[in-house]
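# Structural overview for review
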Amino acid sequence: VPEGRSGTMDLERFRAYGKAVEIVGEIAEAARAWPRGNGWLRDQATRAAGSVALNIAEGYGRTSPAERRRFYQCAIASAHETAACAQVAARLGILPEPAYRRLWDGCDHVTRMLGRIV
């Protein structure tokens, strides 16, 4: 799928977007199980993960390559933040290692896909 196409809604075919949406679901599912007192991390992690997908979507709809790049760069930064939230949760003992690894790898995958086009 091209880097972005104004006027079409084929965003779901953009693999980076699909992976970002998967990450949102994984973070939300994991965060529901976190004990009380971790609301600050739950909120930050879900906002960061959502920001990855939403910035990809907004960039995809831009017609200017420079604008598209700017949104994809924001998505990359949010993917780093999401991975950091997962690492903090793992360090606090509220995110199991396999879930942490899956989230970290997913964020890495998104940043690599976007990095090839920014």
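That block above? That's the structure.
Residues numbered from 1 in each chain as written. Predicted model: local features only at pLDDT ≥ 70, side-chain atom pairs only at ≥ 80, totals over all residues. Heavy atoms only, no water.

### Some points on the nonpolar core
Nonpolar side chains tend to gather and get buried jointly when the protein is soluble and globular. With 33 residues, the main nonpolar core has Phe14, Ile23, Trp34, Ile56, Leu95 and Leu114 as its most contacted residues. Contributions of two or more residues to this core are made by helix 1 (15–32), helix 2 (39–60), helix 3 (65–91) and helix 4 (97–115). Take this core: its biggest share by element is 8 residues, from helix 3. If we ignore the near neighbours within four places in the chain, the residues touching Leu114 are Phe14, Ala16, Ile56, Tyr72, Ala75 and Ile76. (Core = buried A, V, L, I, M, F, W, Y, C linked by side-chain atoms within 4.5 Å. Buried < 20%, exposed > 50% of the residue type's maximum accessible area, 1.4 Å probe, protein only. Helix = DSSP H or I, 4+ residues; strand = E, 2+ residues; numbered from the N terminus. Contact = heavy atoms within 4.5 Å.)

### Things to note about helix 1
Structurally, the α-helix is built with 3.6 residues per turn, so residues lying three or four positions apart point the same way. Here helix 1 contains 18 residues, and its C-alpha end-to-end distance of 26 Å stays within 8% of the 26 Å for a straight helix at 1.5 Å per residue. Taken residue by residue, helix 1 has Ala16, Ala20, Ile23, Ile27, Ala30 and Ala31 as its buried positions. Within helix 1, the buried residues cover an arc of 90° as seen down the axis, which keeps them to one side. With respect to the buried face of helix 1, the exposed residues turned more than 90 degrees away are Arg15, Glu29 and Arg32. Residues of helix 1 that are buried make contact with helix 2, helix 3 and helix 4. (Expected span 1.5 Å × (residues − 1). Arc of directions from axis to C-beta.)

### Brief notes about the packing of aromatic side chains
Following the criterion strictly, the structure yields 3 aromatic pairs and no others. Clustering of aromatic rings is evident, with ring pairs tying together Phe14, Tyr60 and Tyr72. (Phe/Tyr/Trp six-rings, centres within 6.5 Å; stacked < 30°, edge-to-face > 60°.)

### Remarks on the packing of helix 3 against helix 4
Between helix 3 and helix 4, the shortest axis-to-axis distance is 9 Å and the interhelical angle comes to 165°. Of the possible angle classes, the one that applies to helix 3 and helix 4 is roughly antiparallel. In this structure, helix 3 crosses over helix 4, and the sense of that crossing is left-handed. The residues of helix 4 that touch helix 3, namely those facing Tyr72, Ala75, Ile76, Ala79, His80, Thr82, Ala83, Ala84, Ala86, Gln87 and Ala90, are Tyr100, Leu103, Trp104, Cys107, Thr111, Leu114 and Gly115. For the contact of helix 3 with helix 4, the residue count by class is 13 nonpolar, 5 polar and no charged. (Axes fitted to C-alpha atoms, helices over the stretch in contact; angles between N-to-C directions. Parallel < 35°, antiparallel > 145°, perpendicular 65-115°, else oblique. Left-handed = near helix turned anticlockwise from the far one by under 90°. Nonpolar A, V, L, I, M, F, W, Y, C, P; charged D, E, K, R; others polar.)

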